[in-house]
Amino acid sequence: MYVQIRDLTFRYKNSDEDILKNLNLDIMQGEVISVLGQSGSGKSTLLRMIAGLEKPSKGTIIIDNKIMVDRDTFLFPEERGVGMVFQDYALFPHLNVEKNIRYGLHSFSKKEQSKRLQEVLELVNLTEFAKRYPHELSGGQQQRVALARALAPKPSVLLLDEPFSNLDADLKGRIRIELGRIIRQSGITSIFVTHDQEDSRAIADRVVFLESQNHKSPLIKSL
Amino acid sequence: MRFIKVNLRFLNVWSIFSFLFVLGIIFSNLLVFTSLFQAPSENWEHIKEYLLADYIKNTLLLITFTGTFTFLIGTSLAWLISFYDFPLRNFYKLAFILPLAIPTYIGAYTYTGLLNYTGIVQSSLRNYLNYQVNPKLFDIMNIGGAVFIFTLFLLPYVYTIVSSFFQNQSSSLIETARLLGRKPLNILLTILLPLARPAIIGGVSLVVLEVLNDYGVVKYFGITTFSTAIFKSWFGMGDIDSAIRLAASLLIIVFFILTLEKMVRGRKRFDSSTSKLRPITLQKLSGYKALLAFTYSFLIFSLSFLIPILQLLYWSLITYNNVLNNKFWQLLVNSISVALVATCTIVFASVIVANFQRISGTKLSKAYAKITTFGYSIPGAVIAIGVMVLFISLDRKLFWFYNIVNPESAELVLSMSLAMLIFAYVIRFLAIGFNSVQTGFEKIGKKFFEASRTLGMTTTKTFFKIDLPMLKPALVGGFVLAFVDVLKELPLTLILRPFNFDTLATKVYQYASDEMIPEAGVPSLIIIVVSLISIFLLNKMIMKEEG
């Protein structure tokens, strides 16, 4: 399995209740998984643990045979090679589109950087917007820049946190199709989190349902 | 015509009062400039030829180095506190604001007393370690020493502004940068510092303006700057004309800095693409990194607060018997009553100008607001000169009237009275009250005001029934800040106080000048304690607002 998550448990420092408990999940390479759940079900926390932004209280995450976290190991986010698109996109406001994307390419040579930049810009259809600043872009364009930036360093896994929550309803349909296309085209293993069943079904190969911990039902149901 | 019409519509009590306050500010500053067009005196030629270069050089050295050091230390502290968790972090978060309570001149006297031949450092080395040090090593009465003092006690300006900026950022920005493979120090340099540039420049400009305003430190250390030169021409040579010319030159430097600030700050606004979904999560430091952060913080806190306070406490203990006499109570009453009158006027004026601006929203009212905040950028010595000239000419114009009231009246009445000093305080610190009140108005918004108007209340009635009660926290905040600033003010007070009128601040200055530094302990501590109380009060209010 490409991504293996075993017995993943998370609890906030000041809380005595587990947000996630003994979660197990396997993902094949190139698979697009959608994690569906109510707010508070811990779905964003799951992404943040895969990214290394939160430390699980228990459990293992292995990506491409590399241990990200287990009892003895904890790789920092900058060491994981995982891409993430944040709910608020988190584009660096003082850098233009090109520089935002280049930011993650620091280990590439100058020539490779330019090549990769062109590739991802074409992928997200924003070639003419390279010199624009984030505030000069629409919400949908900003999202595509965030996507391009996350994809540029060729991460092992792409994580998307509520990718449609910041968009107008009438735009959503079109952008959903576009996002689906980009992810398929790049062939990257992706996990995205949402609370909207329709979003899930539209893009994902497989939908994973995450239930809130206070229900005693099984944690994960494949739909 | 339209302009006049629009403004006539708003011609009421608010506009008239606003106009009067603004007029006062403009007048006292314009008068300084008019001197530039008059024939200079002989002294001026001398000053220009031999001294001016020195004033400029010293002033530039002081602002450059103090600006650089406050930037480096203030920003690094803000970074540590905003993003990392280490031992005593929560304590330091507040502790780095505290040096604001210590006026720079008190810091200077304290460190001089601490480090001079009879001070605790040298005498301990001598008596306990039997070690004779080269006194030159501990001599801080030079430009380097002044930079040291300014940096320590003006640090909070940069620290508070930059850390509040950092804390308002969305944590996803930093998290993204990490996911893209960047290390913390790299993120600081590539993301955080460029983003914080306006905040940093804002903080450093405040520091620079404070340095230009300073008189107490440079005078004591024997460094000739514009402030000391203005005093010397006025009191030493009795040459008002040269004093005014120096003031005008200093004012030009201030304008230059304000323009520079606007330019470097840049017009680009970086706020539209980020939302604040997730507050910054602190990263826990461990091992040597935690130790390093703790030690660095402890060093700065000790130097900028703990050590001077302990020294002042010690001096107060050995001198309070001599210092606390009837005269001292008179001093206290003087300080507090003058500060009270000035602060009440400041708050009153702030409310009027801010309300006028809010209601009318015309260009004119916005200009008023700009002018109102301008006073804070002008060094005390310059305001002092402007106000002095204004009051003397008023006295000359009013002499006929004095004669009617009292045939034996002297020519100078107003300019010999406390009114002049209070007027100067108001001009200098109006910005502080005004900013507070304006922020308060912005928070309330206009909808309550409009609702009240539609329910049949006039502007003024609405103000008393709706606005004023809602504005109370902002008024208290503005009052406290302005009160403390007036209480510790030195250069204005020294120039403009009536004969034999002393305040806590001038007494501290006098003790230090008379080589009686330990005696300055008690009045210094009183100023510091009042400032501390106000800091805690404001902090509590801010916490309450943030929930």
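Check the entry above for the structure.
K.L.:
Got a minute to help me understand unusual backbone geometry in this structure?
P.N.:
Negative phi values dominate among residues other than glycine, just as trans dominates among peptide bonds. Residue and element names in this part refer to chain A. For N22, which is not glycine, the phi dihedral falls at a positive 45°. Mapping N22 onto the fold places it in strand β2 (residues 18-27). Note on N22: relative accessible area 34%, which makes it partly exposed.

K.L.:
Mind showing me how you'd approach the pattern of salt bridges here?
P.N.:
For side chains of opposite charge, pairing can occur when their charged atoms come near one another. Counted according to the given criterion, the structure contains 21 salt bridges over all chains. The closest approach of N and O atoms between R206(A) and E31(A), which form a salt bridge, is 2.8 Å. In this pair, R206(A) sits in strand β9 (residues 206-210) while E31(A) sits in the loop between β2 and β3 (32-36), placing the two residues 175 residues apart along the sequence. Taking relative accessible area as the criterion, R206(A) reaches 22% and is therefore assigned partly exposed. For R178(B), the salt bridge identified is with E78(A), shortest N-O distance 2.8 Å. With one member in each of two chains, R178(B) in helix α8 (residues 171-179) and E78(A) in the loop between β5 (66-69) and β6 (82-85) form a pair that bridges those chains. For the pair shown, R178(B) and E78(A) are each scored as buried.

K.L.:
How should I be thinking about the interface of chain A and chain B in this particular structure?
P.N.:
It is common to report an interface's size as the accessible area lost on association of the parts. At the junction of the two partners, chain A supplies 28 residues and chain B supplies 29 residues. In this assembly, chain A packs against chain B so that about 2,700 Å² is buried in total across both faces, 59% of it on carbon and sulfur atoms. Ranking the residues of chain A by area buried against chain B places E78(A), H94(A) and Y103(A) at the top, with a combined share of 27%. Applying the counting criterion to the chain A and chain B interface returns two salt bridges. R48(A) serves as the salt-bridge partner of E175(B), at 2.6 Å between the closest nitrogen and oxygen. For the interface between chain A and chain B, the tally reads eight residue pairs in polar contact (both at pLDDT 80 or more). Within the residue set of the side of chain A that touches chain B, elements represented by two or more residues are α1 (43-51), β6 and α4 (139-151) of chain A. Taken together, the residues of the side of chain A that touches chain B break down into 16 nonpolar, six polar and six charged.

Cut-offs and rules
Residues numbered from 1 in each chain as written. Chains lettered and ligands numbered in written order. Predicted model: local features only at pLDDT ≥ 70, side-chain atom pairs only at ≥ 80, totals over all residues. Heavy atoms only, no water. Helix = DSSP H or I, 4+ residues; strand = E, 2+ residues; numbered from the N terminus. Buried < 20%, exposed > 50% of the residue type's maximum accessible area, 1.4 Å probe, protein only. Salt bridge = Lys/Arg side-chain N within 4 Å of Asp/Glu carboxyl O. Contact = heavy atoms within 4.5 Å. Buried area = accessible area lost by both parts, 1.4 Å probe. Polar contact = N/O pair within 3.5 Å; in protein donor to acceptor, adjacent residues only side chain to side chain. Nonpolar A, V, L, I, M, F, W, Y, C, P; charged D, E, K, R; others polar.

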